[in-house]
Amino acid sequence: MSTIGNMIQIGISSLRAHQAALSVVGNNIANVNTEGYSRKTAELETSNTVNGLGTGVEFATLTRARDIILDRQARFESGNAGRLNYLESAMSTLEAIFTEVAGGGTTETGSIFNIDGGAALTGAMSRLFTAFQDLANNPESQATRAAVREEASLLTEQFHRIDGQLDVMRDDLDRELQNTTTAVNALTRQIAVLNEKILAAKENPLDVAGDLNDERDRLIDDLSELIDVTPLEQTDGTITVSGATGEGVLLVDRDRSFDIETRLIVQNGVASTSLVTVNDAKRVAVTTGKLAGILEARDDKVTRFDSELDLLASSLVTRLNAQHAAGFGLDGSSGNTFFSSTGTSARLIEVSDTVLNNLDKIAASGPSQGNPNVTAGPGDGGNALALSDVRLVKLFGGGTQTFEEFYTDVIGELGAEARRIFTAAAGQRLVKAQVDQRRENIRGVSINEEASQLILFQRAYQAAARLVTVVDQMMQAVLNI
Amino acid sequence: MRVADSVLSSTVANNLRQSLGRINRFQTDLSTGVKIHNASDDPAGASRSLMLRSDVRNNQQFQRNIGDALGQMDFVDSTLDSLLNTVIDLQGIAIAGASDTVNPEDRDIMSRQVNELLELTVSIGQSKFRGRFVFAGTETLEKPYEDIRDAAGQITDIGNAIRASITLDDRTAAVGTQLGLLTPPAGTVTIGDQAVAIDLATDSLDDIKASIDAAAPTGVTVSIEESFRNGQPSFKLRISGTATVVDSNNVLGTLNLGNVDTTKAMLREVGDGIHVQVNTPGQSLFEGAQNVFTSLIQLRDALDGNDIDGIRASITSMQVAQNKISEVRGILGSRTERVEVQRGLLERFEVNLTSALSITEDADLAETVLNLQLAQTVFQSALVSGQSVFLPTLLDFLQ
């Protein structure tokens with residue numbers, strides 16, 4: 001048996017439920033541009049029936065629109081994108097460091113790569129070799145000797161410049177590693193805090209938990225750009241976050257987070273900073289994310305090209321010094337070094353003090369025919385020619401490449417690698433954009449959809465209000481009896 | 001399919017960004033004229049382009065080397081030309097002098113004429129090109145031939161000069177100590193007709209000069225030359241004269257004293273590892289039996305002494321000298337031709353290299369302009385579609 005009082009309760013329940021539903025719609029519209037926001041849907045439910053008659057409607061749950069598979073995919077792709085994006089910027093820096101500038105001489109117009117002025121390593125190297133030929137043409141002249149010295153100094157400066165910039169880059173990478181580690185720790189701490197809040201808010205799921213979940217998902221998204229993450233949703237609503245699958249590095253467990261840090265580790269006599277957990281100093285393996293990009297740039301790319309540069313410098317020093325020591329200076333002295341013999345790396349290569357202080361010591365002349373211990377004379381440029389011909393020695397690549405061929409191949413190799421990474425990064429960005437779009441299409445807000453909901457709920461609200469009016473009129477009718 | 005509002009705008013923004021990137025790329029190509037800006041734009045091309053640049057640089061250096069070489073070769077060639085003419089003139093004088101119709105007074109005049117030409121020949125032997133003795137092998141700063149004159153100033157002998165010693169900072173300290181030698185050589189050195197005992201362990205430059213002065217070999221004078229290096233005085237010993245130095249213990253050799261070696265070749269690089277001799281060593285011209293100097297002295301003295309047999313003998317030796325000069329000049333000529341041919345090749349090769357370089361790194365303008373226009377069209381379409389992103393929504397129709 002239904003009573004008038006029951007009917008007014010039905011009207012009020014409808015008013016209440018639709019007001020709540022309208023506020024959910026309003027909240028969706030308000031968050032149309034909020035990053036990481038998942039639209040919510042108000043789920044309405046019939047109230048308990050009493051004696052076969054309904055008692056109205058009630059607001060049951062708030063559903064977040066999401067697709068767990070897409071979430072996982074999006075995080076996987078953003079991890080790859082994080083690594084490739086960082087590698088991309090590292091490779092452009094590396095490319096800029098090794099940029100070759102052709103200019104410098106008046107006979108050379110235009111530049112192969114788009115930076116003006118100066119001349120890079122290949123130019124400096126081949127100019128030193130041609131300076132030796134000028135010396136052979138005019139071995140008695142102080143001017144050609146000075147030119148050889150200047151070209152050699154320019155070459156060492158080029159080595160120093162590239163090596164110095166590589167050092168700066170390595171320092172930057174170390175700092176970036178530090179900063180990113182700090183960012184990872186900040187994120188894992190926030191996730192732990194949110195886990196705690198979600199656990200506490202579980203009692204009242206309608207209130208805040210939805211938005212807390214959004215926030216936590218966004219933080220995990222951010223984290224996936226930095227480091228491998230394997231999130232696992234627990235039955236109590238908290239999320240356990242571990243590092244790369246199978247590595248067993250725990251980052252967040254319920255309300256606790258576990259920091260990671262960089263630590264200096266000496267391996268095979270080479271010191272480098274590695275990622276470890278603070279608690280038990282366990283090595284953190286990274287394969288995706290910005291951290292992976294940083295480590296790959298530092299330990300593979302920079303190190304490799306740096307060692308190739310060192311190889312070039314040391315071979316140049318050894319070869320030219322050996323040939324130089326065999327010749328005779330203008331003063332008849334022999335056995336002098338051209339480059340300082342201790343400087344056998346790109347960082348340390350220097351024109352020897354002997355040559356810097358006394359141009360006569362540059363060994364342009366070969367030995368006399370009769371007596372190999374004395375000079376063939378100041379007009380002999382035999383040794384200068386031999387020094388110039390060092391450029392033709394096929395010393396590298398198993399006896400197939402000269403100094404210049406070796407270095408231009410290094411540039412080519414660097415370019416090819418940069419190109420591969422640029423292409424991969426661009427592709428990865430597309431893939432990520434697609435996944436993100438699909439994910440956004442599921443969870444994002446559509447104004448049209450919300451507007452139709454708005455109409456629906458508003459009309460229902462109006463109807464409920466109408467019901468209350470009708471009940472009111474019914475009561476008046478009863479009172480007027 | 002459900003489409004979220006935020007997706008629409010981000011898609012348009014992404015496409016606009018990509019399009020703009022392409023436009024930027026083509027505009028850079030157009031404004032610089034090259035298509036390789038970074039090694040990654042075309043790794044193989046960048047590598048090739050650097051090698052080509054180095055090849056062009058080498059090629060230009062070879063051409064410069066050849067220019068330098070030809071300068072000296074042409075100079076020597078004209079020197080040899082005048083030497084040859086001088087010798088031919090002298091042969092004419094000799095034939096006239098050998099004739100019975102010429103009286104002693106005429107021969108006397110001829111002798112003086114020959115003497116003048118002898119002086120000319122000696123100066124040819126000591127010709128310099130850009131301040132360097134051309135017939136001194138590679139010892140270009142040493143006078144190759146020394147002339148010995150009698151009291152009347154007449155040349156009596158011409159022979160290989162002796163080069164100066166190495167430079168030492170101290171003229172009074174023992175040479176061995178200054179050179180840092182553990183066992184300085186000592187022994188007897190024969191200079192011309194005299195033997196001199198020298199011990200580098202104890203002797204300074206001054207001591208060596210004093211010893212040689214005391215022995216006084218004929219036609220030899222010893223001096224110590226002073227020069228400055230870095231503001232400090234330095235010294236070298238010079239023995240002037242044509243005397244042959246016999247130095248079996250390598251005593252003076254340690255000081256690099258000895259006859260000027262007029263045989264050594266001076267080389268220029270005219271291609272990768274290709275060396276060409278550019279100088280004409282004096283030995284092949286002015287030394288050996290029946291050389292031009294001795295035959296001229298012989299002719300002059302024979303004319304002066306009215307010695308017709310001597311004149312006839314000198315004609316024969318002058319013929320030998322003339323043949324020698326012609327032969328050397330022939331070699332020089334063919335070498336010059338070889339270098340000229342090489343230069344032609346290098347010039348042509350440079351054109352090839354430059355065009356290869358241009359093909360490798362220059363942007364194809366027509367293609368780039370077309371691509372740019374295409375990219376612009378795409379960009380404009382993206383802009384137009386961007387306008388419709390912000391479509392009216394259902395809300396616009398609700399009252």
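Enquirer: Describe the overall build of chain A, with residues and values.
Expert: Each helix and strand counted, chain A has ten helices and eight strands in total. Taking 2.2 N^0.38 as the reference for a compact globule, 481 residues should give roughly 23 Å; the C-alpha atoms of chain A span a radius of gyration of 37 Å, well beyond that estimate. When its C-alpha atoms are laid out on the principal axes, chain A stretches across 145 × 50 × 35 Å. Considering chain A as a whole, with its 481 residues, one finds that 49% of them fall into the buried category. Considering only contacts within chain A whose residues lie at least 6 apart along the sequence, 65% involve residues at least 24 apart. About 21,200 Å² of surface is accessible on chain A, with carbon and sulfur atoms providing 53% of the total.

Enquirer: Any details on the overall build of chain B? Residues and values, ideally.
Expert: Along the backbone of chain B there are ten helices and eleven strands. A compact globule built from 399 residues should have a C-alpha radius of gyration of about 21 Å, whereas chain B, at 38 Å, is more than 25% larger. For chain B, the spread of C-alpha atoms along the principal axes amounts to about 140 × 60 × 30 Å. Within chain B, buried positions represent 47% of all 399 residues. Here the analysis covers contacts within chain B between residues at least 6 apart in sequence; of these, 68% occur between residues at least 24 apart. As displayed, chain B offers around 18,600 Å² of accessible surface, 54% of which is attributable to carbon and sulfur atoms. Across chain B, 32 positive and 51 negative side-chain charges occur, with their mean positions spaced 8 Å apart.

Enquirer: Describe the nonpolar core, listing the residues and the values that go with them.
Expert: In this structure, Phe-98, Phe-159, Phe-339 and Tyr-407 of chain A are the most contacted members of the largest nonpolar core, which totals 87 residues. By residue number, the principal contributor to this core is helix H4 (residues 142-201) of chain A, which donates 16 residues. Listed in part, the 48 residues of the second largest apolar core include Val-87, Leu-117, Leu-285 and Ala-302 of chain B.

Enquirer: I'd like a description of the interface of chain A and chain B, backed by residues and values.
Expert: Taken residue by residue, the interface counts 71 residues in chain A and 61 residues in chain B. Around 5,300 Å² of area is buried between chain A and chain B when both sides are counted, 50% of it from carbon and sulfur atoms. Inspection of the chain A/chain B interface yields six salt bridges. The shortest N-O distance in the salt bridge between Arg-64 of chain B and Asp-134 of chain A comes to 3.4 Å. At the boundary of chain A with chain B, the tally comes to 32 residue pairs in polar contact (both at pLDDT 80 or more). Looking at the side of chain A that touches chain B, its residues break down into 23 nonpolar, 31 polar and 17 charged.

Enquirer: Residue-level account of the sheet that holds strand E5 (residues 250-253) of chain A, with values.
Expert: All names here are of chain A. With antiparallel pairing, the four strands of this open sheet are ordered in space as E3-E4-E5-E6. Where the open sheet ends on each side, the last strands, each with one partner, are strand E3 (230-233) and strand E6 (256-257). Where E5 meets E6, two bridges bridge the pair, whose relative direction is antiparallel. Each residue of the ladder has a partner; that of Val-252, found in E6, is Ser-257. H4 contacts strand E4 (239-242), E5 and E6 of the sheet and is inclined by roughly 25° relative to E5.

Enquirer: Describe the confidence of the model for chain A, with residues and values.
Expert: When the pLDDT values of chain A are averaged, the result is 87; 94% of them are 70 or greater. A low-confidence stretch, residues 101-118 of chain A (pLDDT under 50), is modelled with 43 contacts involving residues beyond four sequence positions or located in other chains.

Enquirer: Please provide a residue-by-residue account of the packing of aromatic side chains, values included.
Expert: Here a ring pair, both rings aromatic, is described through the centre-centre distance and the interplanar angle of the planes. Counted according to the given criterion, the structure contains eleven aromatic pairs over all chains. One aromatic cluster is present, built from ring pairs that chain together Phe-129, Phe-396, Phe-403 and Phe-406 of chain A.

Enquirer: I'd like to hear about the pattern of salt bridges, residue by residue, with values.
Expert: In this structure the tally under the stated criterion is 63 salt bridges over all chains. Among the salt bridges present, the one from Asp-272 of chain B reaches Arg-391 of chain A, with a minimum N-O distance of 2.6 Å. Of this pair, Asp-272 of chain B sits in the loop between strand E10 (267-271) and strand E11 (274-277) while Arg-391 of chain A is found in the loop between helix H8 (382-389) and helix H9 (403-443), placing the two residues in two different chains. The salt bridge partner of Arg-112 of chain B is Asp-108 of chain B, with a shortest N-O separation of 3.0 Å. A residue pair is termed a helical-turn pair when its members lie 3 or 4 positions apart in one helix, as Arg-112 of chain B and Asp-108 of chain B do in helix H3 (residues 104-125) at four residues. Residues participating in the shared-partner salt-bridge network are Lys-40, Arg-64, Arg-66, Asp-71, Arg-75, Asp-211, Asp-214, Asp-217, Asp-221, Glu-233 and Arg-439 of chain A.

Enquirer: Describe the sheet that holds strand E9 (residues 245-246) of chain B, with residues and values.
Expert: Residue and element names in this part refer to chain B. Here three strands make up an open sheet; going across it, the order is E6-E5-E9 and the pairing antiparallel. The two strands at the open ends of the sheet, each matched to only one other strand, are strand E6 (194-199) and E9. Along the sheet, helix H5 (residues 205-215) makes contact with strand E5 (186-191) and E6, crossing E6 at roughly 160°.

Enquirer: Tell me about unusual backbone geometry, and please be specific about residues and values.
Expert: All names here are of chain A. The backbone of Arg-254 sits at a positive phi, close to 50°, despite the residue not being glycine. Position of Arg-254 relative to the elements: it lies in the loop between E5 and E6. The class of Arg-254 is partly exposed, set by a relative accessible area of 38%. Notably, Ala-281 is not glycine yet its phi reads approximately 50°, a positive angle. Counting through the fold element by element, Ala-281 comes out in the loop between strand E8 (270-277) and helix H6 (289-326).

Enquirer: Please give an account of empty space enclosed by the protein that cites residues and values.
Expert: The final tally for this structure, using the stated rule, is three cavities of 30 Å³ or more. What the largest cavity holds in volume is close to 130 Å³. Looking at the largest cavity, it is lined by 15 residues, and the ones nearest its centre are Asn-137 of chain A together with Gln-72, Phe-129, Arg-132 and Arg-268 of chain B. If you list the elements that add at least two residues to the lining of the largest cavity, you get helix H2 (43-98) and strand E2 (132-133) of chain B.

Enquirer: Before we move on, can you summarise H3 of chain B with the specific residues and values?
Expert: Residues and elements named next belong to chain B. The first and last C-alpha atoms of H3 sit 30 Å apart over 22 residues, in line with the 32 Å expected at 1.5 Å per residue. Every buried residue belonging to H3 is among Arg-107, Met-110, Ser-111, Val-114, Asn-115, Leu-117, Leu-118, Thr-121, Val-122, Ile-124 and Gly-125, and all of these are buried. Each element contacted by the buried residues of H3 is listed here: H2, strand E3 (145-149), strand E4 (155-160), helix H7 (283-286), helix H8 (292-304) and helix H9 (308-361).

Enquirer: Lay out the environment of Ala-192 of chain A with the relevant residues and their values.
Expert: Residue and element names in this part refer to chain A. Topologically, Ala-192 is positioned in helix H4. For the pair formed by Ala-192 and Asp-253, sequence separation is 61 residues and the distance between their alpha carbons is 7.1 Å. Setting aside its immediate chain neighbours within four residues, Ala-192 contacts Val-252, Arg-254, Asp-255, Arg-256 and Ser-257.

Enquirer: Can you tell me about the pairing of E5 of chain B, naming the residues and giving the values?
Expert: Residues and elements named next belong to chain B. Judged from the six bridges that link them, E5 and E6 form a sheet pairing that is antiparallel. Directly across from Ile-191, in E6, lies its bridge partner Gln-194. In this antiparallel pair of consecutive strands, E5 and E6, the connection spans two residues, and Gly-192 shows a positive phi of 60°. Bridging between E5 and E9 involves two bridges; their strand directions are antiparallel. Looking at the pairing, Thr-190 lines up with Val-246 of E9.

Rules behind the numbers
Residues numbered from 1 in each chain as written. Chains lettered and ligands numbered in written order. Predicted model: local features only at pLDDT ≥ 70, side-chain atom pairs only at ≥ 80, totals over all residues. Heavy atoms only, no water. Helix = DSSP H or I, 4+ residues; strand = E, 2+ residues; numbered from the N terminus. Rg over C-alpha atoms; globule rule 2.2 N^0.38 Å. Buried < 20%, exposed > 50% of the residue type's maximum accessible area, 1.4 Å probe, protein only. Contact = heavy atoms within 4.5 Å. Areas by Shrake-Rupley, 256 points an atom, 1.4 Å probe, with all protein chains shown as cover. Lys, Arg positive; Asp, Glu negative; His and termini not counted. Charge placed at Lys NZ, Arg CZ, Asp CG, Glu CD. Core = buried A, V, L, I, M, F, W, Y, C linked by side-chain atoms within 4.5 Å. Buried area = accessible area lost by both parts, 1.4 Å probe. Salt bridge = Lys/Arg side-chain N within 4 Å of Asp/Glu carboxyl O. Polar contact = N/O pair within 3.5 Å; in protein donor to acceptor, adjacent residues only side chain to side chain. Nonpolar A, V, L, I, M, F, W, Y, C, P; charged D, E, K, R; others polar. Pairing = 2+ DSSP bridges. Axes fitted to C-alpha atoms, helices over the stretch in contact; angles between N-to-C directions. pLDDT = per-residue confidence, 0-100. Phe/Tyr/Trp six-rings, centres within 6.5 Å; stacked < 30°, edge-to-face > 60°. 1 Å grid on protein atoms, 1.4 Å probe; cavity = no way out; pocket = protein on both sides within 12 Å on 5 of 7 lines; lining within 4 Å. Points joined across faces, edges and corners; volume = space filled by probe spheres on them. Expected span 1.5 Å × (residues − 1).

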